[in-house]
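Spelled out from the first residue to the last, the chains are:
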Amino acid sequence: MSAPLPPAKLPPDIGEVLARVEAAVRGYPKAALFELAETGFDRPFQVAVGCIISTRTRDEVTLRVVRRLFARAQTPAQIAGLSLTELEGLIRGSAFAETKARQIRAIAERTVTEFGGELPCDEGVLLSLPGIGPKCASLVLGIACGQPRVAVDTHVHRVVHRWGYVSARTPVETMRALQVRVPRQYWLDLNRLLVPFGKHICRPRIPRCGICPLADFCPRLGVTKSA
C-alpha cells in the first residue's frame, strides 16, 4: 500500500522512542555482536573479530561463522597460531573471507606482540588496526569496554533519517550528529535496538509501518511504499 501523509514529528524524548522500539523488537533476533557478547564473547579482541566478520555479511551468517572460529580459536595467541589458509577456511561464508583472514591475523599478532595478549580499550589503537573503522571501534568500546559510544551502520543511518531525526550524508556524519543530539546514556542503545528494528520493521525497501510503534509520529521521509 502507499505510505500515508507524514504525521507529526517524533516525541522529543529519545528515551521514549527507544523504549517503544525495544518493546517492538523483543521477539526478533538481537544484533549479532550483542548476541555474541551475551553468550560470553565479550572481550575487546572477540568483539573486534566479530565486527570484522560481520562486515557485508548477514547477522545469521556472522553468528555461525564467529562461533565456528571461536570453537577452534578465540584468544589472540590462538588465532595468531593459525595459518592464513586455516583461518580463511574457518571464516568462509563471510564476505571477503580472504581479506578478513589477513586482517584478523594481523590484529591477533599485534595484540600478542604489542599489548600482552589483550586488545586495549583505546580508540586510537582500534582505529589503527586493519579492518576496524569508526563503527567497529565504537562497538568494541561500547560492548567490551563499557564506554558510551554511537555505532552507525546502514540500518541506524537509514532509520534516523526516515525519522527526520538527523540529516547527514554518510554513517560517520550521522554518528557525529547523533553524538550531539542524543544523551550519552542512550548511545549504545541506538545500535543495539535500531539494527533489529531496521532489519525487521523499518526495512530498507518496504518498511512495515502498519506494525511500527512510532507510526503515529514518524514522518517516513523517503518512504514511497509501506506494508
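Here the structure is a predicted model, which is why all the values come from computation and not from measurement. (Residues numbered from 1 in each chain as written. Predicted model: local features only at pLDDT ≥ 70, side-chain atom pairs only at ≥ 80, totals over all residues. Heavy atoms only, no water.)

Trainee: Can you break down the side chain of Asn191 residue by residue, with the values?
Mentor: Structurally, the position occupied by Asn191 is in helix H12 (residues 187-200). Apart from the residues lying within four places of it in its own chain, the contact partners of Asn191 are Phe34, Leu139, Ala151, Asp153, Val156 and Pro196. (Helix = DSSP H or I, 4+ residues; strand = E, 2+ residues; numbered from the N terminus. Contact = heavy atoms within 4.5 Å.)

Trainee: Tell me about the nonpolar core, residues and numbers included.
Mentor: Of all hydrophobic cores here, the largest spans 71 residues; its most connected members are Leu69, Trp163, Leu178, Leu194 and Phe197. With sequence-adjacent residues up to four places away left out, Leu194 is seen in contact with Leu18, Val21, His155, Val156, Val159, Val160, Trp163 and Asp189. (Core = buried A, V, L, I, M, F, W, Y, C linked by side-chain atoms within 4.5 Å. Buried < 20%, exposed > 50% of the residue type's maximum accessible area, 1.4 Å probe, protein only.)

Trainee: Any details on the confidence of the model for the protein chain? Residues and values, ideally.
Mentor: Counting all residues, the mean pLDDT for the protein chain is 94, and 95% of those residues have values of 70 or more. pLDDT under 50 marks residues 1-6. Its contacts with residues more than four places away, or in other chains, come to eleven contacts. (pLDDT = per-residue confidence, 0-100.)

Trainee: I'd like a rundown of the pattern of salt bridges, residues and numbers included.
Mentor: The final tally for this structure, using the stated rule, is 15 salt bridges. A salt bridge links Arg105 to Glu109; its shortest N-O distance comes to 3.1 Å. Of the two residues, Arg105 and Glu109 are both situated in helix H7 (residues 97-115); the distance of four residues between them amounts to about one turn of the helix. Classification of Arg105 as partly exposed rests on a relative accessible area of 23%. (Salt bridge = Lys/Arg side-chain N within 4 Å of Asp/Glu carboxyl O.)

Trainee: Now, about the packing of aromatic side chains: what can you tell me, with residues and values included?
Mentor: As enumerated under the stated definition, the model contains three aromatic pairs in all. What links up through ring pairs into an aromatic cluster is the set Trp163, Tyr165 and Phe197. Taking NZ or CZ as reference, Arg181 lies 3.8 Å from the ring centre of Tyr165, over its face. (Phe/Tyr/Trp six-rings, centres within 6.5 Å; stacked < 30°, edge-to-face > 60°. Lys NZ or Arg CZ within 6 Å of the ring centre and 35° of its normal.)

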